[in-house]
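Notes for the structure review
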Protein chains: 2
Amino acid sequence: MIRCKKCGEVGYIKKSGKVRGRQRYYCKDCKVYFSEEQEDKSPVAHQHQVTITDLARHLNLSASTVSRALHKHPDINLATQKKVLDLAARLDYQPNMLASSLVKSKSFTIGIVVPEFINSFFPNVILGAEEVLAKAGYKLVICHSNESYEREVENVKLLLSSRVDGFLISLTQETKKYDHLKAIVAKGIPLVLYNRICTEVDVPKVTVNDYEGAFKATEHLILNGYRKVAHIAGPQTLQIAQSRITGYKDALKKYEIPVNEDWIRHCDLSFEGAKRTAAYLFDLENSPDAIFAMNDTIAVEVIQLAKMRGISIPAQLAVVGFSDDIIAQFIGLTTMAQPVREIGKAAARLVLQRLKNRDVHIESKILSTSLVIRSSSSHNH
Amino acid sequence: MIRCKKCGEVGYIKKSGKVRGRQRYYCKDCKVYFSEEQEDKSPVAHQHQVTITDLARHLNLSASTVSRALHKHPDINLATQKKVLDLAARLDYQPNMLASSLVKSKSFTIGIVVPEFINSFFPNVILGAEEVLAKAGYKLVICHSNESYEREVENVKLLLSSRVDGFLISLTQETKKYDHLKAIVAKGIPLVLYNRICTEVDVPKVTVNDYEGAFKATEHLILNGYRKVAHIAGPQTLQIAQSRITGYKDALKKYEIPVNEDWIRHCDLSFEGAKRTAAYLFDLENSPDAIFAMNDTIAVEVIQLAKMRGISIPAQLAVVGFSDDIIAQFIGLTTMAQPVREIGKAAARLVLQRLKNRDVHIESKILSTSLVIRSSSSHNH
DNA sequence: CTGTTAGCGCTTTCAA
DNA sequence: TTGAAAGCGCTAACAG
């Protein structure tokens, strides 16, 4: 015999009152539904996690009051607030973000898409972004596309479904279509591209000065006496690969060294691709005496292969990479360092700005690089 | 003059009918609320993302029918289904996971906590876990604690709030209290510990055979003629550090080499810590001729410092690491390889199992290691 | 086969 | 200072 909490009347069983298998009762007088569980006041979270209504029931308060207490709303009796907070702590109440995000249409979550996890680059970008976002009360949801266009699109869909408040994206080497990005923009959700950007969508971007970096890296080799400088470039789809090629070419031009197209090799960002490309250059009749590689992973593979073939570095071959990955210092690789963590921070700051003010145009950010000289290109190191 | 969609009666303005600032109207006859927007049938997503009710309105269907169509429920007219699917595609409808997870009390999300991102270890664990989870229709939410106990606790709270269906956790080197883990278990949420585990909570665990790995690594050094084998251990809090110490000691005992406690140095998992500890061992009056390091990062630092000091490897000093991090092959580091990706996969499989059947006891998984011999410990490599 | 209804857990007016 | 009511977007039981 279940009785109404309010008036004590015996509950009326409504046929349509069954919800999710559980019979609920209805009070004709109070016009309110209630269930058996409502009688149970033992403060033990059982199957489901503790909810705001559980707290309310135990304290004979309304859900709204509990909500206000939890948020330390000014219009609340401090004694009530304390009661609620104490019980919440005792029962290890964790607010249901799904529910609150749903009503507020805001998840306080930013989605980041990274194309790979092999180098230390993206983990560090994540670290930087997280630092800035956490301070602003945002969480970061990490997705990685594994260099696959399809997965990138899936990731975007997933994050869209999770109703993230903003996007931080670095494209895969395969990405040639940008409809998924345009869809984000069309929905009015802040998007920032970083590192692997594209020009097809008009959003704020974070990059380093790739052109200048490549220029200086190449120049460094030339100034160290190397004249036959080759370049292992990244996939043609990548904007940054293009910029670095131009930087490389312009450096050669500055010193009036003719560009040998045979010495510019595109290569995907896998270990095997790098090894293959290095082998190609080594096997050339007229082989280069220096290689500027698109990134450190490739540069390291070059050095590995050179060692295996007994080519001495830097005497017979100089190598320069790009990024200053952790591995570079162990190998003694000269490289163009990027402020990796700063890239993440800058990207995070830009989405945050966008989130604050959706209308104002936001400038892209170009960070600068700096050459770190090590033994792979210089006898003095 | 707003009219009821159903009966055409003029809408009745109820004072309490204002929701979120927007005036809604009420039809006394049909007992239904409606708002001005309901008149607007232009199929253009504006501020908010397209919802199931948007689709329903445009097609003059009910939300449930649309829901059924989207899920390809069998009880649906195929023509209707097609209409819905087409419109959904046209408007780039993305289901609101917040809402569906809320009603289903299930998010199809697993939370993973990693302590660091410096080595390639955790990224690879993530890759493995994701692979298995994706196949089962689950997403992975990545959190990292940055080796901070506080952040670990925060991460758990966050994931709890996000209502993840399960947890994959690897502890920080600081973690000595386990209440946050016990809370997860108390709530009945599946939890699997991996790599950095603890014995204080009774949940399935995924590890490698650390004892045996350490034993064999040490044995390898002994068999190669090194008698003064030191060990740089991890933080004392870590279970795996303890197991590896025991393995190391037992190997020495097997060959009747006395254990020199001065040669067992604990060290935190930072670059600086590693360097300091290496320096300590080198500076010892009676310094070791071989070092078995807790992980590859430490081993690499040892080699770096040895090179700087002109100590030749492996002639004067042999080094063995643990993990077979990417860096090991570049440096030529002998190391005890762990099936890293497999650890992630195994952990994922265990949560999934737990999710399927909450009551059955699930066995922990111990994967095996294998020695990869390179030049840091052997002249033939 | 489709619509109605109730509710997931939370926030937010408005009324008391 | 508190409570009642409505609704965020979606699903599911039930009725037609």
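- Chain A is annotated in an unreviewed UniProt entry as LacI family DNA-binding transcriptional regulator from Flaviaesturariibacter amylovorans.

Focus on the protein's contact with DNA strand D
- Near DNA strand D, the surroundings consist of 32 residues, among which Thr-65 and Thr-80 of chain A together with Ile-52, His-71 and Tyr-93 of chain B are the closest.
- A share of 73% of the atoms of DNA strand D within 4 Å of the protein falls on sugar and phosphate groups.
- Contacts to DNA strand D include His-71 of chain B, whose side-chain N or O atom sits 2.7 Å from a phosphate oxygen.
- Among the elements of the structure, α2 (63-70) and α4 (97-104) of chain A together with α2 (63-70) and α4 (97-104) of chain B are those that each provide at least two residues to the surface near DNA strand D.
- By residue number, the principal contributor to the surface near DNA strand D is α4 of chain B, which donates four residues.
- Looking at the surface near DNA strand D residue by residue, the class counts come to 11 nonpolar, 13 polar and eight charged.

Remarks on the domain arrangement of chain A
Residue and element names in this part refer to chain A.
- For chain A, the assigned domains read domain 1 (13-98), domain 2 (102-207) and domain 3 (210-339).
- Summarising the inter-unit geometry, the C-alpha centres of domain 2 and domain 3 are found 29 Å apart.
- On the side of domain 3, 14 residues touch domain 2, which itself brings 15 residues to the contact.
- A buried area of about 1,100 Å², summed over both sides, lies between domain 2 and domain 3, and 54% of it is on carbon and sulfur atoms.

Comments concerning the UniProt feature "domain: HTH lacI-type" (unreviewed entry) in chain A
- Using the residue numbers shown here, the UniProt feature "domain: HTH lacI-type" (unreviewed entry) corresponds to residues 50-104 of chain A.
- Along residues 50-104 of chain A, the helical share is 67% and the strand share 0%, with 21 Å between the first and last C-alpha atoms.

Considering the nonpolar core
- Leu-168 and Tyr-194 of chain A together with Leu-168 and Tyr-194 of chain B are the most contacted members of the largest nonpolar core, which has 160 residues in total.
- The residues contacting Leu-168 of chain A, other than those within four sequence positions of it, are Ile-110, Gly-111, Ile-112, Val-113, Ala-129, Leu-140, Val-192, Tyr-194, Ala-347, Ala-348 and Val-351 of chain A.

Quick look at the protein's contact with DNA strand C
- Lining the immediate surroundings of DNA strand C are 32 residues, of which Ile-52, His-71 and Tyr-93 of chain A together with Ser-64 and Thr-80 of chain B lie closest.
- When the atoms of DNA strand C within 4 Å of the protein are sorted by group, sugar and phosphate make up 72%.
- Between DNA strand C and Asn-96 of chain A there is a distance of 3.2 Å, counted from a phosphate oxygen to a backbone nitrogen or oxygen.
- Between DNA strand C and Thr-80 of chain B there is a distance of 2.6 Å, counted from a phosphate oxygen to a side-chain nitrogen or oxygen.
- Breaking the surface near DNA strand C down by element, the ones donating at least two residues are α2 and α4 of chain A together with α2 and α4 of chain B.
- Counting residues per element, the surface near DNA strand C draws most heavily on α4 of chain A, at four residues.
- Looking at side-chain class alone, the surface near DNA strand C contains 11 nonpolar, 13 polar and eight charged residues.

Re the sheet that holds strand β15 (residues 370-372) of chain A
All names here are of chain A.
- Taken in spatial order, the six strands line up as β10-β9-β11-β12-β13-β15 in an open sheet, and their pairing is mixed. Unpaired on one side and paired on the other, β10 (264-266) and β15 mark the two borders of the sheet. Across the sheet, the mean angle from the axis of one strand to that of its neighbour is 20°, orientation sign disregarded.
- Against the sheet, helix α11 (residues 296-308) touches β9 (229-233), β11 (290-293), β12 (318-323) and β13 (334-337), its axis set at about 155° to β12.

A few points about the packing of aromatic side chains
- Per the stated rule, a full pass over the model turns up 11 aromatic pairs over all chains.
- Taken together, the ring pairs in this structure connect Phe-121, Phe-122 and Tyr-194 of chain A into an aromatic cluster.
- Lying over the aromatic face of Phe-108 of chain B, Lys-106 of chain B brings its terminal NZ or CZ to 4.8 Å of the ring centre.

Regarding the confidence of the model for chain A
- When the pLDDT values of chain A are averaged, the result is 87; 87% of them are 70 or greater.
- Here residues 1-46 of chain A scores under 50 on pLDDT; set against residues more than four positions off or in separate chains, the count is 74 contacts.

Re the interface of chain B and chain A
- With 44 residues of chain B at the contact, the number on the chain A side is 45 residues.
- Carbon and sulfur atoms make up 60% of the area that chain B and chain A hide from each other, which totals about 4,200 Å².
- Taken together, the connections running from chain B to chain A amount to four salt bridges.
- Close ionic contact of Arg-151 of chain B with Glu-130 of chain A constitutes a salt bridge, the shortest N to O distance being 3.5 Å.
- In this assembly, chain B and chain A are joined by 11 residue pairs in polar contact (both at pLDDT 80 or more).
- Of all the secondary structure elements, the ones that give two or more residues to the side of chain B that touches chain A are α4, α5 (121-135), β5 (139-144), α6 (149-161), α11 (296-308) and α12 (326-331) of chain B.

A closer look at the packing of helix α10 (residues 271-283) of chain B against α11 of chain B
All names here are of chain B.
- Axis separation between α10 and α11 bottoms out at 9 Å; the angle between their running directions is 55°. When the axes of α10 and α11 are compared, the pair comes out oblique. Taken as a pair, α10 and α11 cross one another with a handedness that is right-handed. Residues Phe-271, Ala-274, Lys-275, Ala-278, Ala-279 and Phe-282 of α10 touch α11, and the partners they reach there are Thr-297, Ile-298, Glu-301, Val-302, Gln-304, Leu-305 and Ala-306.

Things to note about the sheet that holds strand β6 (residues 166-169) of chain A
Residue and element names in this part refer to chain A.
- If you walk across this open sheet you meet the six strands as β5-β4-β6-β7-β8-β14, and the pairing is parallel. Each edge of the sheet is formed by a strand with only one pairing partner; in this case those strands are β5 (139-144) and β14 (365-367). Each neighbouring strand pair of the sheet contributes to a mean axis angle of 15°, computed without reference to strand direction.
- Pairing of strand β4 (residues 109-114) with β6, which is carried by four bridges, proceeds in the parallel orientation. Pairing of Val-113 across the sheet is with Ile-169, part of β6.
- This element, helix α13 (residues 340-356), spans β4, β6, β7 (191-194), β8 (205-208) and β14 of the sheet and lies at about 160° to β8.

Things to note about the relation of the copies chain B and chain A
- Here chain B sits on chain A after a turn of 180° about the axis and a move of 0.0 Å along it, with an RMSD of 0.1 Å. The transformation just described matches what one would write down for a two-fold rotation axis. Ranked by how close their C-alpha atoms come to the rotation axis, the residues of chain B are headed by Leu-98 of chain B, at 2.5 Å.
- Looking at the interface residues of chain B, 100% of them are also at the interface in chain A, so both copies use one shared face.

Some details on the pairing of strand β12 (residues 318-323) of chain B
All names here are of chain B.
- With six of six residues buried, β12 is to be regarded as a mostly interior element.
- Pairing analysis gives three bridges linking strand β11 (residues 290-293) to β12, with the strands arranged parallel. Bridging from a neighbouring strand, Phe-292 pairs with Val-320 of β12.
- In this sheet, strand β13 (residues 334-337) lies alongside β12 in parallel orientation, the contact comprising four bridges. Residue pairing in the sheet places Gly-321 in a bridge with Thr-335 of β13.
- With α12 bridging β12 and its parallel neighbour β13, the resulting β-α-β unit is right-handed.

The rules behind these values
- Residues numbered from 1 in each chain as written.
- Chains lettered and ligands numbered in written order.
- Predicted model: local features only at pLDDT ≥ 70, side-chain atom pairs only at ≥ 80, totals over all residues.
- Heavy atoms only, no water.
- Near = heavy atom within 4 Å.
- Polar contact = N/O pair within 3.5 Å; in protein donor to acceptor, adjacent residues only side chain to side chain.
- Helix = DSSP H or I, 4+ residues; strand = E, 2+ residues; numbered from the N terminus.
- Nonpolar A, V, L, I, M, F, W, Y, C, P; charged D, E, K, R; others polar.
- Domains from an automatic or database assignment.
- Contact = heavy atoms within 4.5 Å.
- Buried area = accessible area lost by both parts, 1.4 Å probe.
- UniProt positions renumbered as here; feature names shortened; annotations may be inferred.
- Core = buried A, V, L, I, M, F, W, Y, C linked by side-chain atoms within 4.5 Å.
- Buried < 20%, exposed > 50% of the residue type's maximum accessible area, 1.4 Å probe, protein only.
- Pairing = 2+ DSSP bridges.
- Axes fitted to C-alpha atoms, helices over the stretch in contact; angles between N-to-C directions.
- Phe/Tyr/Trp six-rings, centres within 6.5 Å; stacked < 30°, edge-to-face > 60°.
- Lys NZ or Arg CZ within 6 Å of the ring centre and 35° of its normal.
- pLDDT = per-residue confidence, 0-100.
- Salt bridge = Lys/Arg side-chain N within 4 Å of Asp/Glu carboxyl O.
- Parallel < 35°, antiparallel > 145°, perpendicular 65-115°, else oblique.
- Left-handed = near helix turned anticlockwise from the far one by under 90°.
- Least-squares fit on C-alpha atoms with pLDDT ≥ 70 in both.
- Right-handed = clockwise from strand over helix to strand, strands pointing away.

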